[in-house]
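# A closer look at the structure
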Amino acid sequence: SPASWCILNGVPMYQKEDVIRSFVDVAGVSQVADAIAPLTESDFRTQYDRISESDYGAEKSDEDFRYTWDYFVALRNLYARAAQAGRSVVFSVDY
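Residues numbered from 1 in each chain as written. Predicted model: local features only at pLDDT ≥ 70, side-chain atom pairs only at ≥ 80, totals over all residues. Heavy atoms only, no water.

## Here we look at the packing of helix α1 (residues 26-36) against helix α4 (residues 62-85)
Under the convention used in this document: Fitted lines through C-alpha atoms give the axes, limited to the stretch in contact for helices. The angle between two N-to-C directions lies from 0 to 180 degrees. Segments assigned H or I by DSSP are reported as helices when at least four residues long, segments assigned E as strands when at least two residues long, and all are numbered from the N terminus. Orientation categories follow fixed angle ranges, with anything under 35 degrees roughly parallel, anything over 145 roughly antiparallel, 65 to 115 roughly perpendicular, and all other angles oblique. Whether a crossing is left-handed or right-handed is set by the direction in which the near helix is turned from the far one by less than a right angle, anticlockwise for left-handed and clockwise for right-handed. Every residue pair with non-hydrogen atoms within 4.5 Å of one another is taken to be in contact. Throughout this entry, Asp, Glu, Lys and Arg are counted as charged residues, while Ala, Val, Leu, Ile, Met, Phe, Trp, Tyr, Cys and Pro are counted as nonpolar. The remaining residues, Gly among them, count as polar.
Put simply, α1 and α4 touch, their axes get as near as 8 Å, and they point 135° apart. Accordingly, the angle class assigned to the pair α1 and α4 is oblique. Where α1 crosses over α4, the two elements pack in a sense that is left-handed. Contact residues: V29, S30, V32, A33 and I36 in α1; F72, R76, Y79, A80, A82 and A83 in α4. Each residue belonging to the contact of α1 with α4 can be placed in one class, and the counts come to nine nonpolar, one polar and one charged.

Now the structure itself:
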């Protein structure tokens, strides 16, 4: 689903043990932007709470949720701006 493309999906460009880069084309960016635009903090919290700590790989907490939500909001804004400008997105994460 387009909502899942905003993080760690799209077309893989590069992947090693500690780095992932992926590409979402212009059409995909618009789909992602539309899919994640209506998500509220409450919706996001419900999904966050469903993740098991063993799958998450870290301890979940209110502080971690706030950090995760804040970065999601920034990512949502990025996709909205990219969609409006007709641009693609390259997602890169080091972990």
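From this point, things continue past the structure.
## Quick notes on the sheet that holds strand β3 (residues 89-94)
To be explicit about the condition: Here the rule is simple: two strands pair whenever DSSP picks up at least two bridges between them.
Reading across from one edge, β1-β2-β3 is the order of the three strands in this open sheet, with antiparallel pairing throughout. Here the strands that pair on one side only, and so sit at the sheet edges, are β1 (11-16) and β3. On average, adjacent strands in this sheet sit at an angle of 10° to one another, irrespective of strand direction. The pairing of β1 with strand β2 (residues 19-24) spans five bridges and is classified as antiparallel. Residue pairing across strands places K16 opposite V19, the latter belonging to β2.

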